[in-house]
Amino acid sequence: MKIDAVTIFPDYFAPLQLSLLGKAAAIGLLEFGVHDLRQHSTNVHNQVDDTPYGGGAGMVMMPEVWGQALDALLTPDSDLIILTPAGKRFNQPMAQEFSRASHLVFACGRYEGIDDRVRQYYLSKGHRVHEVSIGDYVLGGGEVASLVMIEAITRLIPGVLGNPESLAEESHNSEGYLEYPNFTKPQKWREISVPEILLSGNHAEIAKWRAAQAIERAKNNF
Ligand code: ABV
């Protein structure tokens, strides 16, 4: 999978070289491109934003620079992801969907956002355009949100995760995460023992216990 990010802060993407993602890139499973939006400014001051039509606080990112940057990256195989707090909430099923894509382009805007004609234009040209948010809080820009998405998406690509069995594991809920509490050695730590059932070797009873724990935990999320 090819992943491009367009940003005014390319340094935010340094973590892509670390850990499993860095290794996946090193062996050619992933290919990352990070692009400085300012390189596409035609303005003498390398300006990329301007005041909003209709008035109001903040600045809006100008369509011309985004057009130049995205024209250079998008092909019919691309999915354009525009990070915005107003976007569709990112979740595990979306991560699964995107993990099957061949080219993701992350457009990282600042909070006030990108001139909406950028979205309109690429949509009208037949590109797949997704406005996405990672949660109901406001970030300074889309960079960290993109990193979150990239990590959640790429770990689902065969070969990226160290242990493929952790992906195949049955004990995940619909959002894709383990729902019961986990324990490892030592059997007793600071006077707290691992639940006896987990030492029993009775896999049917263990599965029942874990299911009950999962229900207990789920209650706390509502
Ligand atoms: C993108 N907040 S996604 C750009 N939750 C700026 C802020 C922001 C996003 C999110």
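In what follows, the accompanying structure is described. The structure presented is a predicted model; accordingly, all values stated were derived computationally and were not measured. (Residues numbered from 1 in each chain as written. Predicted model: local features only at pLDDT ≥ 70, side-chain atom pairs only at ≥ 80, totals over all residues. Heavy atoms only, no water.)

### Some points on the nonpolar core
The condition is simple: The nonpolar core is taken to be a set of buried Ala, Val, Leu, Ile, Met, Phe, Trp, Tyr and Cys residues, with the residues joined through side-chain atoms within 4.5 Å. We call a residue buried when its accessible area falls under 20% of the maximum for its residue type, exposed when it is over 50%, and partly exposed in between, using a 1.4 Å probe and counting protein chains only. Numbering of helices and strands starts at the N terminus; helices are DSSP runs of H or I of at least 4 residues and strands are runs of E of at least 2.
Core analysis: the biggest nonpolar cluster contains 29 residues, and Ile-81, Phe-90, Phe-98, Leu-104, Phe-106, Met-149 and Ile-153 have the highest contact counts within it. Listed by contribution, the elements that provide at least two residues to this core are β1 (2-7), α1 (19-26), β5 (78-89), α3 (92-99), β6 (103-108) and α5 (143-154). In terms of residue count, α5 provides more of this core than any other element does, 6 residues in total. Met-62, Leu-70, Leu-73 and Ile-82 belong to the second largest nonpolar core, which has 20 residues in total.

### So, the layout of surface pockets
Rule in force here: Within this scheme a cavity is a closed region of a 1 Å grid, computed over the protein atoms alone, that accommodates a 1.4 Å probe without allowing it to escape, whereas a pocket is open but has protein on both sides within 12 Å along at least five of seven lines; lining residues each have an atom within 4 Å of a point. Grid points are joined across faces, edges and corners, and a volume is the space filled by probe spheres set on the points.
Computed from the structure, the largest pocket encloses a volume of approximately 300 Å³. Around the largest pocket, the lining comprises 25 residues; the ones closest to its centre are Leu-83, Thr-84, Pro-85, Arg-110 and Tyr-111. Broken down by secondary-structure element, the contributors of at least two residues to the lining of the largest pocket are β5, α4 (117-124) and β7 (128-133). Sorting elements by how many residues they give to the lining of the largest pocket places β5 first, with 4 residues.

### Some points on the pairing of strand β2 (residues 31-36)
What counts is decided by this rule: Two strands form a pair only when DSSP identifies at least two bridges running between them. Clockwise travel from the first strand over the helix to the second, with the strands pointing away from the viewer, marks a crossover as right-handed.
Pairing analysis gives 6 bridges linking β1 to β2, with the strands arranged parallel. Pairing of Lys-2 across the sheet is with Glu-31, part of β2. Read as a crossover between parallel neighbours, the route from β1 over α1 to β2 is right-handed.

### Some details on a nonpolar patch on the surface
Heads up, the rule is: Only residues whose relative accessible area exceeds 30% and that take part in no salt bridge are eligible for patches, with like-charged residues grouped when within 9 Å of each other and nonpolar side chains (Val, Leu, Ile, Met, Phe, Trp, Tyr) grouped when within 5 Å. Note on areas: these come from Shrake-Rupley sampling with a 1.4 Å probe, and a residue is covered only by the protein chains present in the view. The working definition used for a salt bridge is a side-chain nitrogen of Lys or Arg within 4 Å of a carboxyl oxygen of Asp or Glu.
A cluster of nonpolar residues, Phe-9, Tyr-12, Tyr-137, Leu-139, Val-144 and Val-148, forms a patch on the protein surface that exposes about 520 Å² of accessible area. Within the secondary structure, Tyr-12 sits in the loop between β1 and α1. On the accessibility criterion, Tyr-12 (41% relative accessible area) is partly exposed.

### A closer look at the packing of α3 against α5
The cut-off we apply is this: For every element, the axis is a line fit to its C-alpha atoms; helices are fit only across the contacting stretch, and the angle between N-to-C directions ranges from 0 to 180 degrees. Any angle that falls under 35 degrees is termed roughly parallel, while one over 145 is termed roughly antiparallel, one within 65 to 115 roughly perpendicular, and all others oblique. By definition in these notes, contact holds between two residues if any of their heavy atoms fall within 4.5 Å. Gly is put with the polar residues, along with every residue not named as nonpolar or charged; the nonpolar set is Ala, Val, Leu, Ile, Met, Phe, Trp, Tyr, Cys and Pro, and the charged set is Asp, Glu, Lys and Arg.
Where α3 meets α5, the axes come as close as 8 Å, and the angle between the chain directions of the two elements is 70°. Considering the angle they form, α3 stands roughly perpendicular to α5. Along the contact surface, α3 presents Ala-95, Phe-98 and Ser-99, while α5 presents Met-149, Ala-152 and Ile-153. Its residues assigned to classes, the contact of α3 with α5 comprises 5 nonpolar, 1 polar and no charged.

### Quick look at α5
To keep it simple, the criterion reads: Multiplying 1.5 Å by the residue count of a helix minus one yields the expected span of that helix.
Compared with an ideal rise of 1.5 Å per residue, which puts 12 residues at 16 Å, α5 spans 16 Å between its outermost C-alpha atoms and is within 8% of the ideal. Burial runs high along α5: 9 of the 12 residues are buried. For α5, the complete set of buried residues consists of Glu-143, Ala-145, Ser-146, Leu-147, Met-149, Ile-150, Ala-152, Ile-153 and Thr-154.

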